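Each chain, written out:
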Amino acid sequence: MTAQYTRNALMLVGGVGVLVTTAQLVKIYHWLFPLPPQTEDEQNHSTEKSLKLEYLAELVNWPSVEVRRSAEQLLLDRVMKNEVTLDLLVSWCMSKDLSLVEKGVTVMCVLVKSVDLRKHPKENEFLSTLTEVLINTSSLYHQQTSDTGLSEAGLLEKIQKLAICGLFEVICDGESQKMYMVEHHEDIVGCVLTLVTNSQSKEVLRYGLFIAHQLTVQDSTRNLLMEYDGLRCIAMMIVRNHGDPILQRISLQILVVFLTACDLTVLKNEAIPKDTKAMLSEIVHQGALVPVVVCLRSEDPECTYWALALLHEFVVNEMYKEEICSVFGLLRSLAKTLSASDASIQRLILRLTCFLCLQNDDFKREVLNSRDLIKRLPVCFASSERDIAHWCLVLVHDLAFMGKSSVERLLEFGEGLMPSMVSMVHNHGDIAMKRLMAETLGFFCSNEHLLLRLVSDGLLTTILNFASHQDSELQFWASAMLLNMAMTSDEMKFEILKSGGLAVLMELVIAEHENTQIAVMAAKSLSMLGHTDQSLSVHLVCDGDNCRLAINDSIYHLNKPGLNILIWSTLSSSEVMILHYDVKNAWEVKDTKIVIPYKQHDEGNLVVISVRGPLKQAWLRAMRDVLLFQEESQIPLKGRYDLTDEDQCILLCTMAPGGRLAVSFLEKALEINTQCRYPYGEVVNQRVTDIAVVPTVKILFSTPPSSPISKVAELELLEIFARHFVLKETLLTCDGFVEYLSSIIVSFNELFLSQDIFTPIQVAHCLGVLRTLSVLSIYETCQGQLIDKGVIIHIIMLLYHLTGSWINSILDSQEGLGSPNELSESYTWESPIPSPTKPRSPLDSLSDLDINSHQLGVDQKAEEPSKVLQPNSAKESSGINPDFMKKVVEYEELLSSLARFAILVLSNCAESAGSNKEVLAEMGCVHMIWSVLLCCGSVLKSHLALPISTAMTSLACPGKKSNGNMILNRHHKTPALLLSSDQLQVRNDNWTFESISGNQGIKLDGSSLSDKGWYYEVTLKSSGIIQIGWCNEMCVFGPEKGLGVGDDVNSCSFDGERCKIWNGPASINVENDYGSQWGEGDVVSCLMSQSGDVSYWLKGSDLGVAFKGLRRDVTWYPAVSLSTDQQVKFNFGSSHFRYEPPIGYKSLHSEFYTREIPATNSFNEHVLFVRDLLPPLSDSDRLPIPSLYYETTVTLDTDFPFVYGLRTVTDELAGSSKVSCSINHDSITLPDDTQARFGPLESLPLTLGCGLVLPQGAIFFTVNGRPIKSLHSFPNSEDGHKPLVPYLSSNCVDCNFGDSYFFYTHANQKEHKLGMAALLHDYHEVRWMGQTSP
């Protein structure tokens, strides 16, 4: 029986079992043994019983494939039902005879391949048998010696192949089978990995990987594979199986599953990696990284996918990104795969590329240079898969972030990129995608020269859609982009207006936003649009056949007989409606009421009327009640409503209030062909005035000035509109506007007086008013109103309260601090402030003088006033208790901003005050701004130093004077720019792009004294957007348009913030990268050669030639443009340069300095020198402590004689008195007419000082920090105790009122400056609070 079963089993080896139906078996039986008719069940049973094994053996070799397969299946079924046969197979497999093992494993392998063993009684036994065979043969295979025959080794290898193949067939996709295998034969995992690692058989390796894969994809068995160091083994297979896509695919998938699904916390083997990064490091250690990258080129898409998935794990864990990027051909592989792959692979490629680009600018540049990759991006944007479009957008965003050149490359290689991006927004319209798109488009908008092209691709339409969205982030980005576009060129302004941008921006301005910057940027855009030189074009063509109208690019036909009315919105630049009136009889025309639809914001719309047909005369007259003929239209009164039968009639009107039509053009002729142009700037300004400015003022007026209801948004808008010349006039003509602003300041001052706690909203209101006033005050026409309507005095009172609070705060923090005069007896006067490394004005002629021991003459018997001014007096006079001030400290920054913008208003008014100078002085302007400078913090002082110095110098001088040498030109500067008193320093505190040029220019015609060229330096006081260079007389600045030096062809400039050079409109500045980025405190040198070449140095390093061959037939002036909060200082050569100019280059100062050195004045035979008036250095502790003190610097450029000192504020009865010192080019004349000689003329510059000493009420003077040995009193001794102000004979000098280190060291102590501030604070009290002389 056993032999028979064995024979029968062996017969199965040659066949392949295939499942067949019972009907097929019946067909076989009937073909061999015809039987009488039976039922189907009877036939099946009798067939299976009657077929003998011998017949089946013959049928297995039958020529018919169908018969052969059915016979094989029947044989397999019989074997599987015969338990004896199966037991025999198991016994063969477990035999020590390798030949029997081979036979048994062969049969078992065929069985498991051909028959479903699921739920078969022998399933687990077969599984255990194959597992043990594999483990045993593997052990025997490794124990072979060199004497082992090749036949036995081959037999073992064959058994391994059959066993591992059969084992895979049993466990494939069977969760319970895999669990049974590892639970009963745990060593099988290590056996399989060993075979995978060491076997020389490709089949063993293949099925070993298949089994490892099966164990990996099942959660319950995955960790066991890791315990046996499966990660290292599989990583080795990546390298070993290079070129076999199936094995590499399996290995890659196993590794990805290991990395993403293993529970590393339960592993017990200490030798294996315990975290993802360690696992990735192990993979790289096995040398698998490069082969993984190479797999990207595989023709097998699954292999490519899993290679991408593995690389993705590397990059998301920030591991070996540089190594991946450096693999040769990576981008070529990615580009090729991206072009010919399905969605899942495209998504992975884009994600992988995005992560590789992260913080890797070098790789980004490689991506940008990959034409094949970039040109595929538009296709990815068009994908229906959201993730693909999303990651494509992320990639473009990161690449565009690199700068303008990156955007250019994207558009060059990615043909159709912008249209595909625009289309993607509509297809995948979720908010996250739109936000990312908005930010990306912002980078594209930075390329000014590409904007017109991008607009034609749909950029502007998308931006306007974002602006109309309800999402605030989208609105923010849209408003920012529209502002950037509006600043670019008139062509872009026209595109915005033509696309309906005016309506969108207007809506942004008047709507409420959480982010107020949205409305602010929209308002700035509207202000920019109002400065366009473009026109709204209306082309009319009318004859007997048709009437055609073209507005911008839109065509309309008004051909119907009767009355045709087109209403066209100037806001949305689109047709609102077309009305048509027509009747059959003339009398019906009279009964027809013509109504023009009118609603809010329609005023200013364009209306075109075409009158046609036989009743056109009647229709024209029927319009009498609707039409308004204004004088400026210049349409003759006579015959306005007369029309011949042959004439065509066209009227152009604008919508007036109430639906009436203001006629601007009327044409009656047989044929009409005319073109009308409406200045778009006027259209914009009118609509902004009606829809934004006036309603904003009305909203402001709707609440009382002291109301806690927020007015911040309205005040921010008014600050923007105030910078526009037309809109500013609208504001000033609004009844009560200036008075309302003044009332807000008054309300805030009252809070100080009442000691109420002011809220942040009250501070914000006051700050908003001051910011608006700081803009209005730049116009001389407004300054008079501010003075006349009391605004200025209320601002001065605000500063009075602020300085009082600051002084008290300082005193409270330094208890026991006495007055400067009290401290002078016991304090050692050693300055805590180090001397500057480069003195502002060293006096070489006095450095080695022989000073005698004559003591300083101080009159100790001087009459003391009834009250000595001390810092404490500020606390008493302001009436603000310390508890209140502790609460004020919380708003310190806001209060500093109040002081800053209050000072700007006063400085603007003082600079061009004219006859109002003395009025400002009488109001206490000088005292309060000086007090602010002396007691404010260092940050605020950096903002206020220039405006305060400018204001005080201007108010100290009776009239304006110019020294005529090389300085900045106050008459060729934009209004908002603040110019220092010496006209060498400028600052911009406004939102517009302000500019200024020099007062002298150079010509390139060879007439210059210079051999090679010219040189000047600019010291940066800030590090933002500044454009430094040259302009000629034809250059026109446009601050509201964003046009400065270099923004037209008549100028050139360098901007070290953006590292760009400019020489014309942005649309032509394509390749303009230049130089390196500058920082605050850097010195920029600007050079122009005789041949017209311009170059720059930064911190002494030559940046190379920026411009070549400037025009030689014009005059070139040094110039600069500054954005908000930027400040620079020029040096044309009147003082030492920081860096030595090249040989042959002259300073601009020396080029234009023509002043002759005057002859030395004659003196008496007893010549007195300045050194004879100075005290010895040993008397430094007995020098006067000033109660007021300032210094001024005189140079070769100063107008001599120069007079400086202190004076009383003009009194209506007594006038003004002063104590002053006169400086000539070589001498000094003191108030008592004492004259003393300086050294030679080249001893200049000199730093001269003037101080007040209390209680004496006397004046003293200093030279380069050394006091002259005498005190000088006013003619009326009481005047020394009255409020005093500085006196200067020229306003073109550099003065130091406490913003920097004094040369006279006794004035530098904080205590002394605080005492000065308190004295100035009390001066104001004396003038305005009704108190007697201090």
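Bear in mind the structure is a predicted one, so any value in this text is a computation, not a measurement. (Residues numbered from 1 in each chain as written. Predicted model: local features only at pLDDT ≥ 70, side-chain atom pairs only at ≥ 80, totals over all residues. Heavy atoms only, no water.)

## What about the overall build of the protein chain?
Here's step 1: Along the protein chain, the regular secondary structure elements total 52 helices and 35 strands.
Here's step 2: Taken across its 1334 residues, the protein chain has 58% of its residues classed as buried.
Here's step 3: Within the protein chain, contacts between residues at least 6 apart in sequence are counted, and of these 73% link residues at least 24 apart.
Here's step 4: When the accessible area of the protein chain is evaluated, it comes to approximately 55,300 Å², of which 50% is carbon and sulfur surface. (Helix = DSSP H or I, 4+ residues; strand = E, 2+ residues; numbered from the N terminus. Buried < 20%, exposed > 50% of the residue type's maximum accessible area, 1.4 Å probe, protein only. Contact = heavy atoms within 4.5 Å. Areas by Shrake-Rupley, 256 points an atom, 1.4 Å probe, with all protein chains shown as cover.)

## Let's talk about the side chain of serine 1051
Here's step 1: In this fold, serine 1051 is placed in strand β18 (residues 1051-1055).
Here's step 2: Classification of serine 1051 as buried rests on a relative accessible area of 0%.
Here's step 3: Ignoring any residue separated from it by four or fewer positions in sequence, one finds serine 1051 in contact with Trp1030, Cys1031, Cys1035, Gly1044, Val1045, Gly1046, Trp1062, Asn1063, Gly1064 and Trp1116.

## Topic: the pairing of strand β32 (residues 1258-1263)
Here's step 1: Among the six residues of β32, six are classified as buried, and the element is accordingly described as predominantly covered.
Here's step 2: Neither face of β32 is open: one carries Ala1258, Phe1260 and Thr1262, the other Ile1259, Phe1261 and Val1263, and all of them are buried.
Here's step 3: Inspection of the sheet shows strand β31 (residues 1246-1253) paired to β32 by six bridges, in the antiparallel sense. By the bridge assignment, leucine 1252 is partnered in β32 with isoleucine 1259.
Here's step 4: In this antiparallel pair of consecutive strands, β31 and β32, the connection spans four residues, and glycine 1257 shows a positive phi of 70°.
Here's step 5: Pairing analysis gives two bridges linking β32 to strand β33 (residues 1266-1267), with the strands arranged antiparallel. Paired with valine 1263 across the two strands is arginine 1266, which belongs to β33.
Here's step 6: Hairpin connection from β32 to β33: two residues lie between these consecutive antiparallel strands, with asparagine 1264 at a positive phi of about 50°. (Pairing = 2+ DSSP bridges.)

## So, the packing of aromatic side chains
Here's step 1: Tallying each qualifying case throughout the model produces 33 aromatic pairs.
Here's step 2: Above the ring of tyrosine 779, the side-chain terminus of lysine 728 is found at 4.3 Å from the ring centroid.
Here's step 3: If you follow lysine 1218 out to its NZ or CZ, it ends over the ring of tyrosine 1287, 5.0 Å from the centre. (Phe/Tyr/Trp six-rings, centres within 6.5 Å; stacked < 30°, edge-to-face > 60°. Lys NZ or Arg CZ within 6 Å of the ring centre and 35° of its normal.)

## Quick notes on the sheet that holds strand β2 (residues 547-551)
Strands belonging to one sheet form pairs held by backbone hydrogen bonds; the direction of such a pair is parallel or antiparallel.
Here's step 1: Taken together, four strands build an open sheet; the order of strands is β3-β2-β1-β10 and the sheet is antiparallel. Since the sheet does not close on itself, it has two edges, and those belong to β3 (554-557) and β10 (672-679), each with one partner. Averaged over all pairs of adjacent strands, the angle between strand axes in this sheet comes to 15°, irrespective of strand direction.
Here's step 2: Of the strands in this sheet, β1 (535-542) and β10 are in contact with helix α37 (residues 680-701), which crosses β10 at around 55°. (Axes fitted to C-alpha atoms, helices over the stretch in contact; angles between N-to-C directions.)

## Notes on the sheet that holds strand β30 (residues 1235-1237)
Here's step 1: The five strands lie next to each other as β30-β29-β28-β27-β34, forming an open sheet whose pairing is antiparallel. Each of the sheet's edge strands pairs with one partner strand only, and the pair in question is β30 and β34 (1284-1288). Each strand axis lies, on average, 15° off the axis of its neighbour in the sheet, ignoring direction.
Here's step 2: Bridge count between strand β28 (residues 1218-1223) and strand β29 (residues 1227-1229): two bridges; the pairing is antiparallel. Counted as the bridge partner of serine 1222 is threonine 1229 from β29.
Here's step 3: The sheet contacts of helix α50 (residues 938-956) involve β27 (1202-1208) and β34, and relative to β34 the element is tilted by about 80°.

## Observations regarding the state of the cysteines
Here's step 1: Taken as a whole and judged by the stated rule, the model has zero disulfides.
Here's step 2: Of all cysteine sulfurs, the one in cysteine 357 lies closest to cysteine 354, which takes part in no disulfide; the gap is 6.7 Å.
Here's step 3: Given a relative accessible area of 5%, cysteine 354 falls into the buried group.
Here's step 4: With no disulfide partner, cysteine 1292 has as its closest neighbouring cysteine sulfur the one in cysteine 957, 7.8 Å distant.
Here's step 5: By relative accessible area, cysteine 1292 is classed as buried at 8%. (Disulfide = S-S within 2.5 Å.)

## Some thoughts on the pattern of salt bridges
Here's step 1: Applying the stated criterion across every chain yields a total of 41 salt bridges.
Here's step 2: When the shortest N-O distance is used, the salt bridge between arginine 1058 and aspartate 1055 registers 2.4 Å.
Here's step 3: By relative accessible area, arginine 1058 is classed as partly exposed at 33%.
Here's step 4: Note on aspartate 1055: relative accessible area 0%, which makes it buried.
Here's step 5: Here lysine 1282 and aspartate 1279 are joined by a salt bridge, their closest N and O atoms 3.2 Å apart. (Salt bridge = Lys/Arg side-chain N within 4 Å of Asp/Glu carboxyl O.)

## Looking at helix α31 (residues 472-486)
Here's step 1: For α31, with 15 residues, the first-to-last C-alpha span of 21 Å sits near the 21 Å given by 1.5 Å per residue.
Here's step 2: Taken together, the buried positions of α31 are occupied by Leu474, Gln475, Ala478, Ser479, Met481, Leu482, Leu483, Met485 and Ala486.
Here's step 3: Buried positions along α31 lie against α28 (431-445), α29 (451-456), α30 (459-467), α32 (490-498), α33 (501-510) and α34 (517-529).
Here's step 4: The N-cap of α31, judged by a side-chain oxygen 3.2 Å from the amide nitrogen of glutamate 473 a few residues on, is aspartate 471. (Expected span 1.5 Å × (residues − 1). Polar contact = N/O pair within 3.5 Å; in protein donor to acceptor, adjacent residues only side chain to side chain.)

## A closer look at the packing of helix α25 (residues 386-400) against α28
Here's step 1: Where α25 meets α28, the closest approach of the two axes is 9 Å, and the angle between their N-to-C directions is 30°. On the basis of the axis angle, α25 is roughly parallel to α28. Considering how the two elements wind past one another, α25 and α28 form a crossing that is left-handed. Every residue of α28 that contacts α25 at Arg386, Ala389, His390, Leu393, Val394, Val396, His397 and Ala400 is listed here: Met433, Leu436, Met437, Glu439, Thr440, Phe443 and Phe444.
Here's step 2: The residue inventory of the contact of α25 with α28, partitioned by class, reads ten nonpolar, three polar and two charged. (Parallel < 35°, antiparallel > 145°, perpendicular 65-115°, else oblique. Left-handed = near helix turned anticlockwise from the far one by under 90°. Nonpolar A, V, L, I, M, F, W, Y, C, P; charged D, E, K, R; others polar.)

## Considerations on helix α16 (residues 276-285)
Here's step 1: Within α16, the full set of buried residues consists of Met279, Leu280, Glu282, Ile283 and Val284.
Here's step 2: Residues of α16 that are buried make contact with α13 (219-227), α14 (230-240), α15 (245-261), α17 (289-294) and α18 (301-316).
Here's step 3: If you check the start of α16, you find a side-chain oxygen 3.1 Å away from the backbone N of lysine 277, and it comes from aspartate 275.

## Points about the confidence of the model for the protein chain
Here's step 1: The predicted model of the protein chain averages 82 in pLDDT, with 84% of residues at 70 or higher.
Here's step 2: Taken together, the stretch residues 42-50 has pLDDT below 50 and engages in 14 contacts with residues farther than four places along the chain or on a different chain.
Here's step 3: Across residues 815-889, confidence stays below pLDDT 50; counting only partners more than four residues off in sequence or on other chains, it has 150 contacts. (pLDDT = per-residue confidence, 0-100.)

## Looking at the packing of α37 against helix α39 (residues 725-733)
Here's step 1: Running from amino to carboxyl end, α37 crosses α39 at an angle of 40°, the nearest separation of the two axes being 10 Å. Relative to α39, α37 is oriented so that their crossing is right-handed. Facing α37, whose interface residues are Asn685, Val688, Thr689, Val693, Val694 and Val697, α39 presents Val726, Leu727, Thr730 and Leu731.
Here's step 2: Split by residue class, the contact of α37 with α39 holds seven nonpolar, three polar and no charged.

## Focus: unusual backbone geometry
Here's step 1: Following phenylalanine 1200, the chain continues to proline 1201 via a peptide bond in cis, the omega torsion being -5°.
Here's step 2: With respect to the helices, strands and loops of the structure, proline 1201 is situated in the loop between β26 (1188-1194) and β27.
Here's step 3: With an omega of 15°, the peptide bond running from leucine 1254 to proline 1255 counts as cis.
Here's step 4: Its place among the elements puts proline 1255 in the loop between β31 and β32.
Here's step 5: The phi torsion at glutamine 359 lies on the positive side, around 55°, for a residue other than glycine.

## Some points on the pairing of strand β6 (residues 606-612)
Here's step 1: Counting buried positions over the seven residues of β6 gives seven, a clear majority of the element.
Here's step 2: In β6, alternate side chains face the same way, and those of Leu606, Val608, Ser610 and Arg612 on one face and Val607, Ile609 and Val611 on the other are all buried.
Here's step 3: Strand direction decides the pairing type here: strand β4 (residues 562-569) and β6, joined by seven bridges, are antiparallel. Note on β6: the bridge partner recorded for leucine 563 is valine 611.

## Notes on the side chain of lysine 1313
Here's step 1: Relative to the elements of secondary structure, lysine 1313 occurs in helix α52 (residues 1310-1328).
Here's step 2: At 7.8 Å, aspartate 1299 is the nearest oppositely charged side chain to lysine 1313, a buried residue that forms no salt bridge.
Here's step 3: Excluding residues within four positions of it along the chain, lysine 1313 makes contact with Leu934, Gly1298, Ser1300, Phe1302, Ala1307 and Asn1308. (Lys, Arg positive; Asp, Glu negative; His and termini not counted.)

## With respect to the environment of valine 189
Here's step 1: Among the structural elements, valine 189 can be located in helix α11 (residues 187-198).
Here's step 2: Accessibility expressed as a relative area gives 1% for valine 189, which makes it buried.
Here's step 3: C-alpha separation for the pair valine 189 and leucine 225, spaced 36 residues apart in sequence, amounts to 6.4 Å.
Here's step 4: The contacts of valine 189, once residues within four sequence positions are left out, are Val182, Leu215, Leu224, Leu225 and Tyr228.

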